[in-house]
There are 2 protein chains.
Amino acid sequence: MPALRNMDALAAYEKLAALSRHPYDLSRSAPPPDRFASYLCRGAGFDLLYATQRVDGPVLAALQELADESGAVDQFLAMKKGAVLNRIEGYASEERQVLHTAMRDLFAGHPHAPEATSLAREELAKLEDFLAGLETGRVANERGEAFTDLVHIGIGGSDLGPRAVYLGLAAFRRPGRNVHFISNVDPDDAAAVIRGLDLSRTLVNVVSKSGTTLETLTNEELARAAFARAGLDPRRHFLAVTGQSSPMDNPERYLRSFYMFGFIGGRYSATSMVGAVMLGFALGYENFIEILRGASEMDTAAEERDIRQNPALLLALLGIWNRNFLGCPTVAILPYSQALIRFTAHLQQLDMESNGKSVNRQGQKIPYPTGPIVWGEPGTNGQHAFYQLIHQGTEIIPTELIGFRYNQYQEDTLIEGTTSQEKLMANLLAQSLALATGQESDNPNRRFAGNRPSAVLMADRLTPRTMGALLALYEAKVVFQGFVWNINSFDQEGVQLGKKLATRLLDHFGRCRQDAAYNGGMMDPAGWSLLQAAGVPARE
Amino acid sequence: MPALRNMDALAAYEKLAALSRHPYDLSRSAPPPDRFASYLCRGAGFDLLYATQRVDGPVLAALQELADESGAVDQFLAMKKGAVLNRIEGYASEERQVLHTAMRDLFAGHPHAPEATSLAREELAKLEDFLAGLETGRVANERGEAFTDLVHIGIGGSDLGPRAVYLGLAAFRRPGRNVHFISNVDPDDAAAVIRGLDLSRTLVNVVSKSGTTLETLTNEELARAAFARAGLDPRRHFLAVTGQSSPMDNPERYLRSFYMFGFIGGRYSATSMVGAVMLGFALGYENFIEILRGASEMDTAAEERDIRQNPALLLALLGIWNRNFLGCPTVAILPYSQALIRFTAHLQQLDMESNGKSVNRQGQKIPYPTGPIVWGEPGTNGQHAFYQLIHQGTEIIPTELIGFRYNQYQEDTLIEGTTSQEKLMANLLAQSLALATGQESDNPNRRFAGNRPSAVLMADRLTPRTMGALLALYEAKVVFQGFVWNINSFDQEGVQLGKKLATRLLDHFGRCRQDAAYNGGMMDPAGWSLLQAAGVPARE
C-alpha cells in the first residue's frame, strides 16, 4: 500500500492546476477525426468515448501521473485483497475491510480474498438450492402453489442498487414472476404495494445488514400484519437477508435466511445476497451469475495501470479534472435506455454517500472539493426536461451518457427511414457533440457557448453481463476518486445526526401519546419547537 | 407592467450583497422559539416554514425590496391577464402570452383572462361529456365493454407533470382504472408497457401540442401497430390532445380530440387538457376539478405583495438569496411522501427549462447566475442515499422539504410507540434542524458544520386540492424567479441544437440504409465521426 497523501500534496496537482488555465477548446469546430478514434478506452464490454472532454495529451499525461502518485491502482488491489481501508487514522472509525469485489471473484482460479469469496460461494449455494426448490415445487405456499410475486423490503443500499438492476433487466424476467419494492417509512408506500397482491402466492424478502433499520423493520411489521389478516403464516413467506447473528437472524421467523457481511457496505452490496435473492427469483440463478461475471470482468479491467486502458479509472480521473480543476460542482448521469430509469438514483447513493466527505483519512479537513452532486434522468426524456439548462444555463454540467447499440426487447419499427433505436443513439451522439461545439447565431438567445464536457459509455446491449459490468464500473470509479482525494469512501457518519435527532423527537412523541391531552404533537404547524422540547440540538 | 431591468440594477441588490457577507448563523444553538413561530408563511393550505434559512429581519426587508423593485407581483398579474411575456425584445422569439393560470381561473366571478378561461371551459365540458360516456357505456370498446386502462403517450411537459400528479394521487384512483406511460423514444419503453395490457380494453391518449414531437409520434406508431396486430380499430381507442389544426388534429384518426393552446408552455400544462384527460380517466372529473381549485387558490395567494404572506414569492426569493448571494448552485427538493416520487422530476423540467438561461429579456448576456440545478428523491429514502453529502460534503445544498401531517391510505401501525407517519414527520423535522445546527465532536469525522439552509412546506394531506396547490406554488416560484432575474422563463431555445444535429444524423443513417453495404452506421464505436459525415457542427 502506498502512503495516503492529500491530492494537493502530489506533484501532478500543480501541473493539472496550471493546465486548467487553458483547457482544450471544444467549441466552434468539431474535434478532428483522429481524436474520436484515439480518445476511446475499452474494457469489459464497454467503450468509454472521451473526445468531448476538455482534455488533451498533456492533461492525460498529468492525470496518469496523478493516478500513479496517489497509488490508485495499488489501493484498489489492496482493497480487493482485504486491506482495512474503511478507517480514519487515529480516530474511532469502522475499521473494516472492503470486499464487495470478493462477492464476484468466482471466475479465476485464485480469488484475491479467498475467505470472503468462499463465504460468497456458500450463500450462492444456499440460494441456488432455494431457487431450485421454487422450480420443483419443494418450496411452495400453503396450498402447494408456486410463488409468483416477491416483495423486496429494504432501504438505501438494500433498495436502490437491487431495484436499479431489477428494472434494468426486467426484459429478462422469468415468465410469471414479478417483484415489488417497499422502502420508505411513509406508510403509504407499503399500503400501495400490498393492496394489489395475492399474498398467498407472495414471498417477502426483508433486507437489513444490521437487522435494526427503522424503516425496514417498520415495513416488515406492516407486511406481517397483512399476512396475519389474510390468515397466512409468515414463516412460509418471509425471507431474511441480514448479517449473521443480527436481531433478524432468527430461523423461527423466516423461511430462509441469507447472509451479508460486515466487510460490504450497503451501497456496494447489489452483487451480494442483498441483490441476489430478489434478482435470482426474478431472473433465475444463471442470469444472476452472469451479472457477477460482468462485474468480475470490470473488476479485472480496473487493475490496469494505463489510464487509457482502464475505463473506471479514466472516468474517475476525468471526473476529478472537471470537479477540482474546471470547478464543476455536479455531474449528470444520462442513460439513453429507459431500463436504466433508476440507475442514477443508485449512483446518487453510491457516489454521494461514498465521497460526500470533508475530512481525509487522517481526520484533517480537506482543502479541495470532493464528491460532486450526482443527478440525471434517462434520455431522450431529459432532453425534453432539463437539457435547456445544460446547454444554455450559467452553470457548466459535465455529463456521462450511457447507451447501447441494440435494444432489449428487439421490437422496433422503421419510421421516416430509421428505427427507434437509431433515433435514440442519434440523439445521444448529437447531444454529446452539441454540448461540445455549441453554435454561433446572430440571435443571442440561440447562441450555445459549447465547451460542456461529456463522456459516452457504450456497450452492445443491456444484458445481465453488461449490467454487472456497468455496476462494477461505477463502484470502481467512486473508490478510485476516493483514493485520489484521500478520503474514506466506505463510512457514512454524516447520516447519524439526523437519525439521532429523529429518535429523540420520536421519544418525545411517544411520551406525548401517553398524555391524555395529546392532540398529535407533530400536527403543530411550527413542529420544530417540539425538537427543542425533545432536547436538541445535539452534542456528540 | 414595470420596466424590465436586470436584478443587479436594483438598489436591493447591493444591500443583499452587503448582507450576504455575514448571513444569519444557524449553527451551534437551535433557533430561538419565537423564530419558529414568526418565520411561517401560509397560503392555499400550505405552511412554508423558513426558520432554518440563513435570513433575518434585514435580509427579509431587502428581499421585499427586491420583489417590489423588480415588480415581481405586477409582472405576475400582467401574466395572468395575458401580457405577452414570452419574448426577447428586439430579436425573433415566440412572442406569446403565458396563460396556464387561466386554465384554472374558474372559481371567481371574473376571470383574469376571460377568453382563455372560456376556451378552458369548452375543453372541460368536452371532457366531462366523454368521461360521463365511459360511465354510462356510451363510450365503450368493440364488444361494448368498459375501458379499464389508459396509455398516456407524451414526453417532457406532456409526460412529467401529468405523471407526477397521477402518482401523487394514485391513492384516489377510481376502482378498476389504471394508467401507464410511454415517453422515451427507446423502443423498449413502449414494448415493456404494451406487453402487459389487454388492448381491447385500453385507451391510448397521445399528447403533443405541436403534433410533431418525434418521440411521441414514433411511440404512437408502435402502439397503433400493436392494436392492428390485435385486430382492433385504433379509431375506437386513440385520443388526441394537441393544438388546434396541428397535424394530429384529425378526427379520422382519433375517437376524441382535446385542445391545448399556444399560450401554454409544455412544462406549465399539467392543469390543461395535457393532464386533464388522463387524470379525469384515472381519478374522475370531480377530482380533476379539485386539482384546479387548489391550483387556483395558490394562484390567488401568489398575488399578495407582502412576501411574508405569499409562499410562492417567498420561496422564490429565498432561492435567489441562496443562489445569488450565498453562492449555492443547486437546490434539492425532498418530498417526505412516497406518492411524490416523480414530483422532483417534474420540477427539474419546470425550473431548469424555464430558468436555465444566460440571456436577459433584452437579449443581453446576464452577469449573475440564474436557474439552479434541481434534484432530489423522497425522504426518508434519500436519507439512506445522498444525505451524507448534504450534511458533510464540501458543497452547500439548500433543501426544500415537503411533508404532510396525515398520510393518504390511512393505514398505519404503532411500532415502538409511534406511527409510521410520525416517524416520517419526525425525520423531516429532525433533518431540517440537523442541517441548520450541525454538531460539534472531538472526532473530526463526526463533526457537522451546520448552516445548511432548508425550507419546509407542509400541508395536512396530499389530496387533489393540495396537489393542485403544490403544482401552482412551484409554477409561481419559478416565474417569480424569472421575473426577478429578468429572463424569459417561457421559451426553450436551448433544446434546439441537439435536436437539429440528431435530425441531421438520422438523415445520414437513412441514406446509409439505402446503401447495400450498410452495416449499421451507428454501430461504429466512434460513432461521432458519422456526425461529421452528416455535416456538423452547425451554424444557426
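None of the values given here were measured: they were computed from a predicted structure.

Participant: Honestly, the overall build of chain A in this entry has me stumped. Any pointers?
Facilitator: A count of helical and extended segments in chain A gives 17 helices and 13 strands. Against the 2.2 N^0.38 benchmark of 24 Å for 540 residues, chain A shows a C-alpha radius of gyration of 25 Å, consistent with a compact globule. Expressed as a percentage of its 540 residues, the buried residues of chain A come to 62%. Expressed as a percentage of contacts within chain A between residues at least 6 apart in sequence, the contacts between residues at least 24 apart total 76%.

Participant: Got a minute to help me understand unusual backbone geometry in this structure?
Facilitator: Trans is the common state for peptide bonds, and a negative phi is the common state for residues other than glycine. Residues and elements named next belong to chain A. Cis peptide bonds are those with omega within 30 degrees of zero, and the linkage from Gly379 to Thr380 qualifies with 5°. Structurally, Thr380 can be placed in the loop between β9 (373-375) and α13 (387-392). If you check the backbone angles, Glu416 has positive phi at about 50° while not being a glycine. Looking at the secondary structure, you find Glu416 in the loop between β11 (414-415) and β12 (418-419).

Participant: Help me understand the relation of the copies chain A and chain B, please; the structure alone is not making it clear to me.
Facilitator: The pair of chain copies shares a relation made of a rotation about an axis and a shift along it. Rotating chain A by 180° and moving it 0.0 Å along the rotation axis overlays it on chain B with an RMSD of 0.0 Å. What the rotation and shift describe, once combined, is the action of a two-fold rotation axis. Across chain A, the rotation axis passes nearest the C-alpha of Trp375 of chain A, at a separation of 3.2 Å. Take the interface residues of chain A: 100% of them recur as interface residues in chain B, which is what a same-surface contact looks like.

Participant: I'm lost on the pairing of strand β6 (residues 238-243) of chain A in this one. Help?
Facilitator: Successive side chains on a regular strand alternate, one facing one side of the sheet and the next facing the other. All names here are of chain A. The buried fraction of β6 is high, at five of six residues. Judged from the five bridges that link them, strand β5 (residues 202-208) and β6 form a sheet pairing that is parallel. Its bridge partner lying in β6, Val204 is registered against Phe238. Handedness of the crossover is the feature at issue here: the chain leaves β5, passes through helix α8 (residues 214-229), returns alongside β6, and the resulting connection is right-handed. Across five bridges, β6 lies against strand β7 (residues 256-260) in parallel orientation. When the bridges of β7 are listed, Val241 appears paired with Phe258.

Participant: Just to check I follow, could you spell out the nonpolar core for this structure?
Facilitator: Across soluble globular proteins, you tend to see nonpolar side chains buried next to one another. With 344 residues, the main nonpolar core has Leu313 and Leu317 of chain A together with Leu313 and Leu317 of chain B as its most contacted residues. Excluding its chain neighbours within four sequence positions, the residues that come into contact with Leu317 of chain B are Leu63, Leu66, Ala67 and Ile307 of chain B.

Participant: What should I look at first to understand helix α14 (residues 420-437) of chain B in this one?
Facilitator: Spacing of three or four residues puts side chains on the same side of an α-helix, whose turn is 3.6 residues. Residues and elements named next belong to chain B. Spanning 18 residues, α14 covers 25 Å between terminal C-alpha atoms, matching the ideal 26 Å at 1.5 Å per step. Of all 18 residues making up α14, 18 are buried, and the element is well covered by its neighbours. Gly438, located one to two residues past α14, shows a positive phi value of around 70°.

Participant: Would you mind going over the pairing of strand β8 (residues 330-335) of chain A with me for this structure?
Facilitator: All names here are of chain A. Buried residues dominate β8, accounting for six of its six residues. Residues Thr330, Ala332 and Leu334 point to one face of β8 and Val331, Ile333 and Pro335 to the other, with burial holding for every one of them. As judged from the three bridges shared by β8 and β9, these two strands associate in the parallel manner. Pairing of Ala332 across the sheet is with Trp375, part of β9. Of the crossover connections in this fold, the one passing from β8 over helix α12 (residues 343-355) to the parallel β9 is right-handed. Across four bridges, β8 lies against strand β10 (residues 399-404) in parallel orientation. Note that in β10 the partner of Pro335 across the bridge is Ile402.

Participant: Looking at this structure, I do not really get the sheet that holds strand β13 (residues 454-459) of chain A. What am I missing?
Facilitator: Note on sheets: strands pair through backbone hydrogen bonds, and any given pair is parallel or antiparallel. Residue and element names in this part refer to chain A. Taken in spatial order, the six strands make up an open sheet running β1-β2-β13-β10-β8-β9, and their pairing is mixed. Of all strands in the sheet, those with a lone pairing partner are β1 (40-43) and β9, marking the two edges. Between one strand and the next, the sheet's axes are offset by a mean angle of 20°, whatever the strand orientation. Looking at chain direction, strand β2 (residues 46-49) and β13 are connected through three bridges and run antiparallel. The residue bridging Asp47 from the neighbouring strand is Met458, located in β13.

Participant: How should the interface of chain A and chain B be read in this particular structure?
Facilitator: Where interface size is given, it is often the accessible area lost as the parts come together that is meant. Between chain A and chain B, the contact holds 132 residues from the first and 132 residues from the second. In terms of residue count, the dominant contributor to the side of chain A that touches chain B is helix α14 (residues 420-437) of chain A (15 residues). Looking at the side of chain A that touches chain B residue by residue, the class counts come to 64 nonpolar, 47 polar and 21 charged.

Participant: Honestly, the confidence of the model for chain A in this entry has me stumped. Any pointers?
Facilitator: Residues shown with low pLDDT carry predicted positions that ought not to be read at fine detail. Confidence in the prediction of chain A, expressed as mean pLDDT, is 94, and 95% of residues score 70 or more. The ipTM, which scores confidence in the relative placement of chains, is 0.96 for this predicted complex, and the corresponding pTM is 0.96.

Participant: So what exactly am I meant to see when it comes to the environment of Arg267 of chain B here?
Facilitator: Residues and elements named next belong to chain B. Along the chain, Arg267 turns up in the loop between β7 (256-260) and α9 (273-283). Sequence separation between Arg267 and Gln349 is 82 residues; the distance between their C-alpha atoms is 6.6 Å. Contacts of Arg267, omitting those with residues within four sequence positions, involve Gly157, Gly161, Gln349, Leu350, Glu353 and Ser354.

Participant: Is there a simple way to think about the packing of α9 of chain B against helix α10 (residues 285-301) of chain B in this case?
Facilitator: Relative orientation and spacing of two packed helices are given, respectively, by the angle between their axes and the distance between those axes. All names here are of chain B. Interaxial distance between α9 and α10 falls to 7 Å at its minimum, and their mutual angle equals 125°. The angle between α9 and α10 places the two elements in the oblique class. Across the interface between the two elements, Ala276, Leu279, Gly280 and Leu283 from α9 touch Tyr285, Asn287, Phe288 and Ile291 from α10. Classifying every residue of the contact of α9 with α10 by side-chain character gives six nonpolar, two polar and no charged.

Participant: What should I look at first to understand helix α11 (residues 311-325) of chain A in this one?
Facilitator: All names here are of chain A. When the terminal C-alpha atoms of α11 are compared, their 20 Å separation across 15 residues agrees well with the 21 Å that a helix rising 1.5 Å per residue should span. Burial runs high along α11: 15 of the 15 residues are buried. One or two steps after α11, the chain reaches Gly327, where phi turns positive at roughly 75°.

Participant: Explanation requested: the environment of Gly133 of chain A in the structure shown.
Facilitator: All names here are of chain A. Position of Gly133 relative to the elements: it lies in helix α5 (residues 114-136). For Gly133, a count of 13 C-beta atoms within 10 Å puts it in the partly exposed group. For the pair formed by Gly133 and Asn451, sequence separation is 318 residues and the distance between their alpha carbons is 56 Å. The residues contacting Gly133, other than those within four sequence positions of it, are Arg138 and Val139.

Participant: Just to check I follow, could you spell out the sheet that holds strand β8 (residues 330-335) of chain B for this structure?
Facilitator: Residue and element names in this part refer to chain B. Within the open sheet, the six strands sit side by side as β1-β2-β13-β10-β8-β9. Their pairing is mixed. Strands with a single pairing partner mark the edges of an open sheet, and in this sheet they are β1 (40-43) and β9 (373-375). Averaged over all pairs of adjacent strands, the angle between their axes in this sheet comes to 20°, without regard to strand direction. The sheet contact formed by β1 and strand β2 (residues 46-49) spans four bridges and is antiparallel. Its bridge partner lying in β2, Leu40 is registered against Leu49. On the sheet, α14 packs against β10 (399-404) and β13 (454-459) and is oriented at approximately 160° with respect to β10.

Participant: Looking at this structure, I do not really get the packing of helix α6 (residues 160-168) of chain B against helix α12 (residues 343-355) of chain B. What am I missing?
Facilitator: Residues and elements named next belong to chain B. The N-to-C vectors of α6 and α12 enclose an angle of 155°; their axes lie 8 Å apart at closest approach. In terms of axis orientation, α6 runs roughly antiparallel to α12. The handedness of the crossing between α6 and α12 is left-handed. On α12, the residues touching Leu160, Gly161, Ala164 and Gly168 of α6 are Phe343, Ala345, His346 and Gln349. For the contact of α6 with α12, the residue count by class is four nonpolar, four polar and no charged.

Participant: How should I be thinking about the environment of Ala171 of chain A in this particular structure?
Facilitator: Relative to the assigned elements, Ala171 of chain A resides in the loop between α6 (160-168) and β4 (178-182). Given 19 C-beta atoms within a 10 Å radius, Ala171 of chain A is considered partly exposed. In contact with Ala171 of chain A, not counting residues within four places along its chain, are Ala339, Gln408 and Tyr409 of chain A together with Asp188 and Ala192 of chain B.

Criteria and cut-off values
- Every chain is numbered independently, its residues counted from 1 as its sequence is written.
- Chains and ligands are labelled sequentially in the order written, the chains with letters from A and the ligands with numbers from 1.
- Per-residue local features are limited, in this predicted model, to residues with pLDDT of at least 70; the limit for side-chain atom pairs, both in listing and counting, is 80 or more; totals at the level of whole chains, interfaces and linings are taken over all residues.
- Only DSSP runs of H or I with at least four residues qualify as helices, and only runs of E with at least two residues qualify as strands; both kinds are numbered from the N terminus onward.
- The size measure is the radius of gyration over C-alpha atoms, and the globule rule it meets is 2.2 Å times the number of residues to the 0.38 power.
- Remark: C-beta atoms are placed from the backbone, and a residue is labelled buried if 20 or more other C-beta atoms sit within 10 Å of its own, exposed if 12 or fewer do, or partly exposed between those counts.
- We call two residues in contact when the distance between their C-beta atoms, placed using the backbone, is within 7 Å.
- For this overlay, a least-squares fit was computed on C-alpha atoms, restricted to residues scoring pLDDT of at least 70 in both copies.
- Paired strands, in this sense, are two strands between which DSSP finds at least two bridges.
- Handedness of a crossover is defined as follows: orient the strands so they point away from the viewer, and if the path from the first strand over the helix to the second runs clockwise, the crossover is right-handed.
- The term nonpolar core refers to a set of buried Ala, Val, Leu, Ile, Met, Phe, Trp, Tyr and Cys residues connected through C-beta atoms within 7 Å.
- To estimate the expected span of a helix, count its residues, drop one, and scale the result by 1.5 Å.
- Note on method: axes are straight lines fitted to C-alpha atoms, helices fitted across the in-contact stretch only, with angles between N-to-C directions ranging 0 to 180 degrees.
- Gly falls in the polar group here, along with every residue not listed as nonpolar (Ala, Val, Leu, Ile, Met, Phe, Trp, Tyr, Cys, Pro) or charged (Asp, Glu, Lys, Arg).
- The pLDDT score gives, residue by residue, the confidence of the prediction method on a 0 to 100 scale.
- We call two directions roughly parallel when the angle between them is under 35 degrees, roughly antiparallel when it is over 145, roughly perpendicular when it lies between 65 and 115, and oblique otherwise.
- Less than a right angle of anticlockwise turn of the near helix away from the far helix marks a crossing as left-handed, whereas a clockwise turn marks it as right-handed.

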